[in-house]
Amino acid sequence: MKRYDLRSRTDRLDPESDYEEMSRILAAQEFPWDINQALSFALFRTYAVPSIGKLLFSTGEFTDKVQKRYDDTSLILDAILEHGLSSTEGRKSVRRMNQMHGSYDISNDDMLYVLATFVVTPVRWLDAYGWRKMTDNEILGSTNYYRHLGRYMNIKDTPDTYQGFVKLLDDYEREHFSFDPGARAVADSTLELMCTFPPNNLAPKALVKGFAFALMDDHLLDAFHYKHPSTTMRVVSRGALKVRARLLRFFPVRTKRKFARELPNIRSYPNGYKVQDLGTFPAGCPVKHLQADQQAKA
């Protein structure tokens, strides 16, 4: 296969009907590392919305069991991608995800925003750091994939176009990004986990975190009260990813698809797992309980 053969293949697919296959090619074959990084940053962004970050902190899962939560999220989404939304395994995964979300008081607006980060962030990441950008056909296919996933998750009012998701995301962040100490704790815990991933574990934590901060925009940094990195750190960090992208153009095409379960970052299930056993099984919503307690004291 030649370097641009996968792009030629996705451009021959119909984004209205072949969106699942297009997404598999992009995430598991053409850009497995880049899209994994992009989706990790997408989830990280959501913590900066206090209603989301505060809820994640209140569960304790993203501070006390952050590795397992990272793995569970990756594996559930991985099963949907690999097997398809309408497959038995895909339906089990969506059901498990909906069961978890249904245990908490999460607004449709927050769910829609999280979905928007998954649509927009990979495109923006590849625009900045990919060895090539996504084509218009690929963007449409990826957007349709997440639009259909959103329907399976009972998310209402999903935009019809990629640009609609872009506007939704930017407007929501402009309106809602702000500091919350619980959200900051979740962000800190996630960065600590990132430092343990290979090959990050071979470098000093301060350097790994500095690299991550250099990839974040000022609005996101301000929401967590993180210090802005120096101009030099930004140039070096972003430049390193751009050099990587240029080198990748000369690498052979990946012929075997690589799904999230095969990544070294996934470490919670050395003996295997069942999708229906992943995630949390909360008895109730800690946010609701907290509100009830406050009302009782009032």
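Just so we're clear, the structure is a prediction, and the values are computed from it rather than from any experiment. (Residues numbered from 1 in each chain as written. Predicted model: local features only at pLDDT ≥ 70, side-chain atom pairs only at ≥ 80, totals over all residues. Heavy atoms only, no water.)

What follows covers the overall build of the protein. What the protein contains, in helices and strands, is 15 helices and 0 strands. A globule of 298 residues ought to have a C-alpha radius of gyration of about 19 Å, and the protein, at 19 Å, matches this closely. Across its three principal directions, the C-alpha atoms of the protein cover 65 × 50 × 40 Å. By residue count, 49% of the 298 residues in the protein fall in the buried class. Considering only residue pairs separated by 6 or more positions, the protein has 77% of its internal contacts joining residues 24 or more positions apart. Counting only carbon and sulfur atoms, one obtains 54% of the accessible surface of the protein, whose full area is about 15,000 Å². Computing the positive centroid from 42 side-chain charges and the negative centroid from 37, the protein places the two 5 Å apart. (Helix = DSSP H or I, 4+ residues; strand = E, 2+ residues; numbered from the N terminus. Rg over C-alpha atoms; globule rule 2.2 N^0.38 Å. Buried < 20%, exposed > 50% of the residue type's maximum accessible area, 1.4 Å probe, protein only. Contact = heavy atoms within 4.5 Å. Areas by Shrake-Rupley, 256 points an atom, 1.4 Å probe, with all protein chains shown as cover. Lys, Arg positive; Asp, Glu negative; His and termini not counted. Charge placed at Lys NZ, Arg CZ, Asp CG, Glu CD.)

This part is about unusual backbone geometry. Between P198 and P199 the backbone carries a cis peptide bond, its omega angle lying at 0°. When you line up the elements, P199 lands in the loop between α11 (181-194) and α12 (205-215). One non-glycine residue, H225, lies in positive phi territory at about 60°. Among the secondary structure elements, H225 is positioned in the loop between α13 (218-224) and α14 (231-248). Exposure remark for H225: the relative accessible area of 51% places this residue in the exposed category.

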